[in-house]
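# Results of the structural survey
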Amino acid sequence: MSDFAQLAAKAKEDGVAAAAAPVDTTTETAAPASAAVDEGAGAAAEEESTAQFEPVVQLEEVEVKTHEEDEEVLWKMRAKLFIFGETLLNKGTGQKEWVERGIGEVKFLHGSSIR
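Residues numbered from 1 in each chain as written. Predicted model: local features only at pLDDT ≥ 70, side-chain atom pairs only at ≥ 80, totals over all residues. Heavy atoms only, no water.

## Observations regarding the environment of W98
- Along the chain, W98 turns up in strand β2 (residues 97–111).
- What makes W98 exposed here is its relative accessible area of 58%.
- Along the sequence, W98 and F82 sit 16 residues apart, while their C-alpha atoms lie 6.1 Å from each other.
- Beyond its immediate sequence surroundings of up to four residues, W98 is in contact with F82, I83 and F84. (Helix = DSSP H or I, 4+ residues; strand = E, 2+ residues; numbered from the N terminus. Buried < 20%, exposed > 50% of the residue type's maximum accessible area, 1.4 Å probe, protein only. Contact = heavy atoms within 4.5 Å.)

## Some words on the pattern of salt bridges
- Counted by the stated rule, this structure contains 3 salt bridges.
- In this structure, E68 and K107 form a salt bridge, with 3.1 Å as the shortest nitrogen-oxygen distance. Here E68, found in the loop between α2 (33–46) and β1 (71–85), pairs with K107, found in strand β2; they are 39 residues apart in sequence, far enough to count as distant.
- What makes E68 partly exposed here is its relative accessible area of 33%.
- Here E100 ties to K80 by a salt bridge, and the two come within 3.7 Å at their closest N and O atoms. Of the two residues, E100 is situated in strand β2 and K80 in strand β1; the sequence distance between them amounts to 20 residues. (Salt bridge = Lys/Arg side-chain N within 4 Å of Asp/Glu carboxyl O.)

Here it is, written out as structure tokens:
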């Protein structure tokens, strides 16, 4: 008898609540759910690892400059970026269409100094 047939037969006998109970697939007959939980807890305690991993390469912290540090944000919002160009399907035909390139933040910045 297959596992699904066992589950269906048990559900008919015990009602709908039995359908959610786990079925032991290692034996022909289903084991009680409490026995499966007790065995699983013991196995999990034995399998705990105390291994410690050290990094192979030590990385130094690097300061990243966006060149927006001295500028004031006048306006910003989340937006989609589109380009108007040929796609791979119509390359060489001269037919162009709008293609989405990504989603991100658009900002209008005002610099304190003229560059």
